Amino acid sequence: MFRVLILGMAIICAALSAAAHAPGPARKLTPPWQDASPWPDRIVVTFAGDPARTLALNWRTDDTVDAAVAEIVKATPDARFDLDARRVNARSERLELASVKDIEGIFDIGQNAGLPPVRFHSVLFDGLEPDTVYAYRVGATNGEWSEWFQVRTAPISGPVTFLYLGDAQNGILSHWSRTVRAAYAMAPDANFIIHAGDLVDEASRDFEWAQWFKAVGFIHGMVPAIPVAGNHEYMNVSRDPTKQRRLLSILWRPQFNLPVEASLPDTLRETVYKVAYSEDLDVFVLDTQNGELAAQAAWLDRALAESKARWRVVTFHHPIFSSGKGRDSPERRAALLPILKKYDVDLVLQGHDHTYARGDLAAQAPAQSPERRASRVGDAIGPVFVNSVSGPKQYEWSPGGWERYAGDGVQLRRAAENTQFFQVIRILGGMLLYEAWTADGALYDSFGLVKDETGQRRSAPGATVTMPERRFKDTMPYRSPSGSD
Ligand SMILES: [Fe+2]
């Protein structure tokens, strides 16, 4: 009888225990670092005015914060550097994540189903001094402040260091975070970071942007971002399955405070812009997914004609010279290459092909033979083109390399597959040093350029590179992360 009682109690206990572990209410689907709160997060410094005298920034809160503010003060060694901080009211924007109003009506964004609206806030600090470290914080008048961040305004002239990253896109937190963090660790003095498109895989999916901001952590609170829109920053909102109608990520404009080029159509607002960083460097950003190539080409032509900077970098997503199998883009090449050549730009930084490629055009100096040439130190050299990738998605190189572009006069210098990269580019007066590093911190590619007072550009020694070429056949087995191209 006693045994029966014990057995009965054991059965009841087991049943209660099972009940305690039975599925309860639906598990929360968002990680805590995705959820918005009254406290600021997703803080990112950008350029929206003169980089020497203004700083632009954005941050996010939940929908309860309608009186957001930011404070700024010149940084000093004093413990209470902040006592004289100036306060600026933010511009705030409520954003529905689960749907977007489009010309055809409301379009549901399934990946954000159930997410509450959030607010993005932005300020443009002005009246700043060049080449000066400022401390700023963002928050709300009822006390939910960020920490103080320090950021340096652009110099009028002098050395510039910047980082360039190809597509992050997939495994953003799991596999890309190491690349952007290694880049920052390699060049913590970087003046800004170019993200050459496809920052995420699904343009408006908040979970992926949450990963992107978690991966960069405090980095973009200190180092401004120059984001480039890629094809994955656009989503298809066509109701007709036979048609494509693409809309820029609903998060792009609320979360990045970028220059507005008044002469361009509204569809290119904050995706095509110029950062006149200093007397030494102008950066031109295009949106090669948008399709308004003629308008962009005309704008680039004008902007380059007006540029007086010593070095000129153009960045966009789709490569002029493709290095991905079956991914040539002749219409973009036809629209943009003549302008890049006409103004003899220095560097063209691209993404999209999930491979590494670096090559250059023949110099346009009349004395140089149009025949293929070796790149020797001291040779005149034309614009340099780079395709790179920082995330884990990797493609095969197109068979035949860049032979198919021989008619354009471009020569490939270095290639790779199955490798995550970041690039460090340093400008020191008339010298430019480029380095491509693997995500684990090994030097893979390097070259130098020098420019004399007449603007003549010549090849210069880069850093010494010893690593053999990396190809799928010579590296670890690869499996594609999730996501389309
Ligand atoms: Fe892409």
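Look a little higher up for the structure.
For the structure given in this document, a descriptive report is provided here. Note that this is a predicted model, so its numbers are computed, not measured. (Residues numbered from 1 in each chain as written. Predicted model: local features only at pLDDT ≥ 70, side-chain atom pairs only at ≥ 80, totals over all residues. Heavy atoms only, no water.)

## A few points about the coordination of the iron ion
Geometrically, a metal with four donors at the corners of a regular tetrahedron has ideal angles of 109.5 degrees, and one with six donors at the corners of a regular octahedron has ideal angles of 90 or 180 degrees.
Here comes step 1: All of the protein donors around the iron ion are Asp198 (OD), Asn231 (OD1), His317 (NE2) and His352 (ND1); their distances to the metal are 2.1 to 2.2 Å.
Here comes step 2: The site at the iron ion holds four donor atoms, and with the angles between them running 85 to 175°, its shape is irregular.
Here comes step 3: We note that the donor set of the iron ion lies within a single chain, spaced as D-x32-N-x85-H-x34-H. Of the two residues, Asp198 is situated in the loop between β12 (192–195) and α3 (206–216) and His352 in the loop between β19 (347–350) and β20 (356–361); the sequence distance between them amounts to 154 residues. There is no split in this pair, since Asp198 and His352 are both buried. (Donors = N, O, S within 2.8 Å, 3.2 Å for Na, K, Ca; no water. Tetrahedral: all angles 85-135°; square planar, octahedral: opposite > 155°, others 65-115°. Helix = DSSP H or I, 4+ residues; strand = E, 2+ residues; numbered from the N terminus. Buried < 20%, exposed > 50% of the residue type's maximum accessible area, 1.4 Å probe, protein only.)

## Let's talk about the packing of aromatic side chains
Here comes step 1: Within this structure, the stated rule accounts for 24 aromatic pairs.
Here comes step 2: Seen in terms of ring centroids, Phe162 and Phe192 are 5.0 Å apart; in terms of plane orientation they differ by 15°. Their pairing is stacked. Residue Phe162 is located in strand β11 (residues 160–165), and its partner Phe192 is located in strand β12; the two are separated by 30 residues in the primary sequence. Considered together, Phe162 and Phe192 belong to a single accessibility category, that of buried residues.
Here comes step 3: Between the aromatic rings of Trp176 and Trp212, the centroid separation amounts to 5.9 Å while the plane-to-plane angle is 15°, which identifies the pairing as stacked. Highlighted residues: Trp176 in helix α2 (residues 172–186) and Trp212 in helix α3, separated in sequence by 36 residues. Trp212 matches Trp176 in its accessibility class, with the two residues each being buried.
Here comes step 4: Through a chain of ring-to-ring contacts, the aromatic side chains of Trp176, Trp209, Trp212, Phe213, Trp252 and Phe256 assemble into a single cluster.
Here comes step 5: A cation over a ring is seen here: Lys451 above Trp311, with NZ or CZ 4.6 Å from the ring centre. (Phe/Tyr/Trp six-rings, centres within 6.5 Å; stacked < 30°, edge-to-face > 60°. Lys NZ or Arg CZ within 6 Å of the ring centre and 35° of its normal.)

## A few points about the pairing of β11
Here comes step 1: Within β11, six of the six residues are buried, which leaves the element mostly enclosed by the surrounding structure.
Here comes step 2: Residue alternation in β11 divides its side chains into two sets, Val160, Phe162 and Tyr164 and Thr161, Leu163 and Leu165, and both sets are buried.
Here comes step 3: Pairing geometry for β11 and strand β23 (residues 421–428), over five bridges, is antiparallel. Along β23, the bridge assignment pairs Val160 with Ile427.
Here comes step 4: One ladder, built from four bridges, connects β11 with β12; its direction is parallel. Across the sheet, residue Tyr164 finds its bridge partner in β12, namely Ile194. (Pairing = 2+ DSSP bridges.)

It is worth stressing that arrangement in space is one thing and function is another; only the former is reported here.
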